[in-house]
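Descriptive analysis of the structure
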Amino acid sequence: MIDLSARRPTLTPEQLTRSLCPSARFQDVRFRTYRPNPDFPSQAQASAALEAFAARAAQGHAQPGGLRLFRRRQPEGQGIYLDGGFGVGKTHLLASTYHAASGAQGPSQAAPKSASKVAPKTALMSFQDLMYIIGALGMLRAVETFKDHALLLIDEFELDDPGSTHMANTFLAQLMPGGASVVATSNTESGALGQGRFNAADFQRQIQGISSRFLAVGIDGPDYRQRGAVPSEIMSDTAFRAWTGQQDSATLALIDFRELGHLLTEVHPSRFARLLEGVQALSVSELREMRDQNVALRFVHFIDKLYDLGIRAAFSGAALDTLFDESYRHGAYAKKYSRALSRLSEMLQESRANAQQRAD
């Protein structure tokens, strides 16, 4: 059994920048596998807008023959700000943009017989990853690291932290004039849906130096994880033990929530993926209410990484709706807590379905 509590992983900025691509859960997604909700036309419209954007990014980086002297000057980069609630498929569309722009073939597609174009250099990262890279390398080295990228895809752009937003604004303002295009996603609380352009005005104000380069694309609709279902309940102790017993002990990590909370305060969120290396199943026992917001936010980042990596997970203890203090769920970071609860619910549903399949 894997002992997470004994791990204190290290990760250099260079190691992180070499792995900025869709995670395991989104490796096989493509525009054609996106299923827009027909009751919300903005979903299909957002998919079409991003597919066209990816095609332009790929087209703009054809490598014609002849001397470098006669090659076209790279046009300045443009951006799309994909703005909507959690659970409407923004990360699916972001990963699809990565695959389309980089020329990656889907699992059922053969590679084209000939390719006259060189795929543009593309990176997909979370906003937190970007902040870690800038903080670790410094602004000048971070810009130098990405200056040859044609497309940057930034998931969960955080408008609730003015300092980080200013750093991102400075970073993008130095890259986009040189040809780097950007797609950024952000969240709108479900209660704000239907209110025009969501957070687009906030985004434009925060990135005022480069706002003219961005087209705001709204995407609305309910959380797809809860379509036709109620939020999942926490596992009973009996179901939790049964699920844990079904897993391969060589790739299973079992940890108490109190111990996990302590671990997460010592490991930077940028290293959570390294922390989970080799883990295929995770059992977290005795969930309880988080009264320290620092612990709560680290746990939210951990759930995001667990979800992105597609690791099977089971949880026992307190009910999901009691994990985060009420003041947190309606405060500055409300959207993060709502997203975490949505993803926890989906992972629990997946684990129950997996357990049932094994039992059958």
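Before reading further, recall that the structure is shown in the block above.
Let us look at the structure shown here. (Residues numbered from 1 in each chain as written. Predicted model: local features only at pLDDT ≥ 70, side-chain atom pairs only at ≥ 80, totals over all residues. Heavy atoms only, no water.)

Some words on the overall build of the protein chain
- Within the protein chain, the secondary structure is distributed over 13 helices and eight strands.
- Residue pairs at least 24 apart in sequence account for 87% of intrachain contacts in the protein chain once pairs closer than 6 positions are excluded.
- Within the structure as shown, the protein chain displays about 16700 Å² of accessible surface, and the carbon and sulfur contribution to it stands at 51%. (Helix = DSSP H or I, 4+ residues; strand = E, 2+ residues; numbered from the N terminus. Contact = heavy atoms within 4.5 Å. Areas by Shrake-Rupley, 256 points an atom, 1.4 Å probe, with all protein chains shown as cover.)

Remarks on the sheet that holds strand β8 (residues 312-317)
- Strand order in this open sheet of three strands is β6-β7-β8, and the pairing throughout is parallel. Unpaired on one side and paired on the other, β6 (252-256) and β8 mark the two borders of the sheet. Pairwise comparison of adjacent strand axes, ignoring direction, gives a mean angle of 10° for this sheet.
- Relative to strand β7 (residues 281-287), β6 runs parallel, the two sharing five bridges. Note on β7: the bridge partner recorded for Leu-252 is Ala-281.
- Strands β6 and β7 of the sheet are contacted by helix α9 (residues 257-266), whose axis makes an angle of about 95° with β6. (Pairing = 2+ DSSP bridges. Axes fitted to C-alpha atoms, helices over the stretch in contact; angles between N-to-C directions.)

Description of the packing of aromatic side chains
- Throughout the structure, instances matching the rule amount to seven aromatic pairs.
- Residues Phe-146 and Phe-171 carry aromatic rings whose centres are separated by 5.9 Å and whose planes lie at 90° to one another, so their mutual orientation is edge-to-face. Taken together, the residues span a long stretch of sequence, with Phe-146 in helix α5 (residues 139-146) and Phe-171 in helix α6 (residues 162-175) at a distance of 25 residues. The pair formed by Phe-146 and Phe-171 is uniform in burial state, with each residue classed as buried.
- Plain terms: the ring middles of Phe-324 and Tyr-337 are 4.7 Å apart, the flat faces sit at 45° to each other, and that makes the pair tilted. Here Phe-324 is found in the loop between β8 and α12 (326-329), whereas its partner Tyr-337 is found in helix α13 (residues 334-359), with 13 residues between them in sequence.
- Here a set of aromatic residues connected by ring pairs shows up, and it is made of Phe-257, Phe-299, Phe-324 and Tyr-337.
- The ring centre of Tyr-307 lies 3.9 Å from the NZ or CZ of Arg-25, which sits over that ring. (Phe/Tyr/Trp six-rings, centres within 6.5 Å; stacked < 30°, edge-to-face > 60°. Buried < 20%, exposed > 50% of the residue type's maximum accessible area, 1.4 Å probe, protein only. Lys NZ or Arg CZ within 6 Å of the ring centre and 35° of its normal.)

Comments concerning the pairing of β7
- Counted residue by residue, β7 has six buried out of seven residues, so it is predominantly covered.
- One ladder, built from five bridges, connects β7 with β8; its direction is parallel. Across the sheet, Leu-287 pairs through a bridge with Gly-317, a residue of β8.
- Taken together, β7, helix α11 (residues 293-309) and β8 form a β-α-β motif whose crossover is right-handed. (Right-handed = clockwise from strand over helix to strand, strands pointing away.)

Describing the side chain of Thr-91
- Its location among the elements puts Thr-91 in helix α3 (residues 90-102).
- Given a relative accessible area of 13%, Thr-91 falls into the buried group.
- A distance of 2.9 Å separates polar atoms of two side chains, one belonging to Thr-91 and the other to Asp-155. (Polar contact = N/O pair within 3.5 Å; in protein donor to acceptor, adjacent residues only side chain to side chain.)

Some remarks on the pattern of salt bridges
- This model, assessed by the stated rule, comprises 11 salt bridges.
- The residue Glu-76 makes a salt bridge to Arg-213 at a minimum N-O spacing of 2.9 Å. Of the two residues, Glu-76 is situated in the loop between α2 (41-59) and β1 (79-85) and Arg-213 in the loop between α7 (200-206) and β5 (214-219); the sequence distance between them amounts to 137 residues.
- Given the relative accessible area of 41%, Glu-76 is considered partly exposed.
- One salt bridge in this structure joins Arg-339 and Asp-304, with 2.6 Å as the shortest N-O distance. (Salt bridge = Lys/Arg side-chain N within 4 Å of Asp/Glu carboxyl O.)

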